[in-house]
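Given next are the chains, with one letter for each unit.
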Amino acid sequence: SMLKKGIKEILGRKLRVGVMGSADHIACQFLREKEFDKKYFESCTYLTKDKDLPNTEFDHIFVAEGGPDWMEKIINKYQGVQWIHSSMAGLDWILNPTLVKSDIVVTNAKGAYSESLAEFVLYGILHFSKNMPVFNKQKQQHLWKKGIVDWARGKTVGIVGYGNIGYHTAKFLKQCIKANILALNRDPNHLTAEAKSVVDEIVPPEQINRLLSESDFVIGILPLTPSTRNFFDMEKFKQMKKTGVFINIGRGPTAKEDDLVEALNSEVLAGACLDVFATEPLPESSKLWDIENLIMCPHSADYTTDYWDLCMN
């Protein structure tokens, strides 16, 4: 209630807004096209990393392009900031010790991209269930050879990090392929009755190995924290089925990429599907580029044609 009251008070007047992003950034273009700057803003100033910060005052910071160090520099410069909004669902790209200790209201785009990410997960499941890595290789070889495909229906899907995205993913997979869903959540008491109802079992963190060993597909949707960095490592991959597939739509650094490369090349896993990476853009030297049984998406699985509409609305 205090958070809602705070936002209501802030929104009771036109805002002096600082936008972390250049004027030609697509999010900033959207702000102007929808006339947000005229309807809601008293002033709108674009802040870029390569330029000195202007001497002005802001009530609100809108984050189109982030960075914890840059965020800390901005809030130290502008003491009057009351509200920061992240255009992404995650907050790791802006959180820093100064912000955490402050009284600034922080909001994000939670829920805006959950359904598009659920579709991407289904795509990954269907790709491997229908033996597409083999068929794509045959296509490159101009080789016509019939092969066996599997059902996606009824597969066991383990969701590691069961929040808003996990809920929409579980609901979608239930509807589409009647998946058996195991969902890992460290605090089930905070889940709604609806979130609990769409999965077959809520798994506590201490039973992570059971979830990994029973799942045909393991979906990583973890936020990035000190405890989740490199969470998915060789030890975790070895707990999975040899026929198992790892899908990561959470944060790239939650998976130890060298271990994933080794797991795929040594057939510890049957495949993987990644939308996020430890370093973005992915370096040309990364070994991930050359792995055949790997789907790679350049952090674009949720970048739909209405992405910014979803974010702003």
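This report concerns the structure included in the present document. The model shown is predicted, which means the values in this text are computed figures rather than measured ones.

About the criteria used
- Residues numbered from 1 in each chain as written.
- Predicted model: local features only at pLDDT ≥ 70, side-chain atom pairs only at ≥ 80, totals over all residues.
- Heavy atoms only, no water.
- Axes fitted to C-alpha atoms, helices over the stretch in contact; angles between N-to-C directions.
- Helix = DSSP H or I, 4+ residues; strand = E, 2+ residues; numbered from the N terminus.
- Parallel < 35°, antiparallel > 145°, perpendicular 65-115°, else oblique.
- Left-handed = near helix turned anticlockwise from the far one by under 90°.
- Contact = heavy atoms within 4.5 Å.
- Nonpolar A, V, L, I, M, F, W, Y, C, P; charged D, E, K, R; others polar.
- Pairing = 2+ DSSP bridges.
- Buried < 20%, exposed > 50% of the residue type's maximum accessible area, 1.4 Å probe, protein only.
- Right-handed = clockwise from strand over helix to strand, strands pointing away.
- Core = buried A, V, L, I, M, F, W, Y, C linked by side-chain atoms within 4.5 Å.

## Side note on the packing of helix H6 (residues 114-129) against helix H8 (residues 164-177)
And then number 1: Interaxial distance between H6 and H8 falls to 8 Å at its minimum, and their mutual angle equals 50 degrees. As far as their axial angle goes, H8 and H6 are oblique. Crossing angle aside, the handedness with which H6 passes H8 is right-handed. Side by side, H6 and H8 meet where Ser114, Glu115, Leu117, Ala118, Glu119, Val121, Leu122 and Ile125 of the first sit next to Asn164, Ile165, His168, Thr169, Phe172, Leu173, Cys176 and Ile177 of the second.
And then number 2: Its residues placed into classes, the contact of H6 with H8 shows 10 nonpolar, 4 polar and 2 charged.

## Points about the sheet that holds strand S11 (residues 271-274)
And then number 1: Read from one edge of the open sheet, 7 strands run S8-S7-S6-S9-S10-S11-S12, paired in parallel fashion. Either end of the sheet is taken by a strand with one partner, and the two such strands are strand S8 (201-203) and strand S12 (294-296). On average, each strand axis in the sheet is tilted by 15 degrees relative to the strand beside it, whichever way the strands run.
And then number 2: Inspection of the sheet shows strand S6 (residues 156-160) paired to strand S9 (residues 217-220) by 4 bridges, in the parallel sense. Among the inter-strand pairings, Val160 is bridged to a residue of S9, identified as Gly220.
And then number 3: Helix H12 (residues 257-265) rests against strand S10 (245-248), S11 and S12 of the sheet, and its axis sits at about 145 degrees to S11.

## Section: the pairing of strand S1 (residues 15-20)
On a regular strand, one side chain projects to one face of the sheet and the next to the other, so that they alternate.
And then number 1: With respect to burial, S1 is a largely interior element, 5 of its 6 residues being buried.
And then number 2: Here S1 pairs with strand S2 (residues 41-47) via 6 bridges, running parallel. Its bridge partner lying in S2, Leu15 is registered against Phe41.
And then number 3: Of the strand pairs in this sheet, S1 and strand S3 (residues 60-63) are connected by 4 bridges, and their pairing is parallel. Looking across to S3, one finds that Met20 is bridged to Val63.

## Some remarks on the pairing of S3
And then number 1: Burial along S3 is two-sided: His60 and Phe62 and Ile61 and Val63, pointing in opposite directions, are all buried.
And then number 2: Alignment of S3 against strand S4 (residues 83-86), held across 4 bridges, turns out to be parallel. Pairing of Val63 across the sheet is with Ser86, part of S4.
And then number 3: Note on the crossover from S3 through helix H4 (residues 68-77) to S4: the handedness is right-handed.

## A closer look at the nonpolar core
And then number 1: Counting residues in hydrophobic clusters, the biggest one holds 38 residues, and the most contacted among them are Ile61, Met71, Ile74 and Ile84.
And then number 2: Those elements giving two or more residues to this core turn out to be S1, helix H2 (26-33), S2, S3, H4, S4 and helix H13 (307-312).
And then number 3: Beyond its immediate chain neighbours, meaning those up to four positions away, Ile74 contacts Met20, Leu47, Leu53 and Ile61.
And then number 4: Formed by 32 residues, the second largest nonpolar core is a distinct cluster that contains Phe128, Ile159, Ala170 and Ile219.

## Quick look at H12
And then number 1: Within the span of H12, buried status applies to Glu257, Asp259, Leu260, Val261, Ala263 and Leu264.
And then number 2: Turning to H12, the residues buried within the fold contact helix H11 (234-239), S10, S11 and S12.
And then number 3: Just past H12, the residue Glu267 takes up positive phi, approximately 65 degrees.

## Some details on the sheet that holds S3
And then number 1: With parallel pairing, the 5 strands of this open sheet are ordered in space as S2-S1-S3-S4-S5. The sheet terminates laterally at S2 and strand S5 (105-107), the two strands that pair on one side only. Between one strand axis and the next, the sheet turns by 20 degrees as a mean value, whatever way the strands run.
And then number 2: The sheet contacts of H2 involve S1, S2 and S3, and relative to S2 the element is tilted by about 160 degrees.

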